[in-house]
Amino acid sequence: MTGNKHNPEGNCSNNGEPDPGPYWRRMHGDWRFWAGAVFMIMAIAVYILSGDLAWVPRGIPHHPLP
């Protein structure tokens, strides 16, 4: 078994290196986090600016079907 029961990530810090901290703190330096955040913001902006994804212009009145 690697690591110890007090470290949930399974990393043993006996090699003299400082503890990197939990992942939720380290993820802000990861490019995948920022790429996902940018895509999520772009998707929200498209949803809001498109009028709930209704691409039909709102200024044109629609004729009801007979």
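As the structure is a prediction and not an experimental result, all values here were calculated from the model. (Residues numbered from 1 in each chain as written. Predicted model: local features only at pLDDT ≥ 70, side-chain atom pairs only at ≥ 80, totals over all residues. Heavy atoms only, no water.)

A. Highlighting the overall build of the protein. Secondary structure summary: the protein contains 2 helices and 0 strands in total. In the protein, buried positions account for 6% of the 66 residues. With the model as given, the accessible surface of the protein reaches about 6500 Å², and the carbon-plus-sulfur share is 66%. (Helix = DSSP H or I, 4+ residues; strand = E, 2+ residues; numbered from the N terminus. Buried < 20%, exposed > 50% of the residue type's maximum accessible area, 1.4 Å probe, protein only. Areas by Shrake-Rupley, 256 points an atom, 1.4 Å probe, with all protein chains shown as cover.)

B. Examining the side chain of S50 more closely. Along the polypeptide, S50 turns up in the segment after α2 (31-49). A polar contact of 3.3 Å, which involves the side chain of S50, links it to the backbone oxygen of Y47. (Polar contact = N/O pair within 3.5 Å; in protein donor to acceptor, adjacent residues only side chain to side chain.)

C. A look at the packing of aromatic side chains. Counting across every chain of the model gives 1 aromatic pair. For the pair F33 and W34, a centre-to-centre distance of 5.0 Å together with 80° between the ring planes defines the contact as edge-to-face. What makes F33 partly exposed here is its relative accessible area of 28%. (Phe/Tyr/Trp six-rings, centres within 6.5 Å; stacked < 30°, edge-to-face > 60°.)

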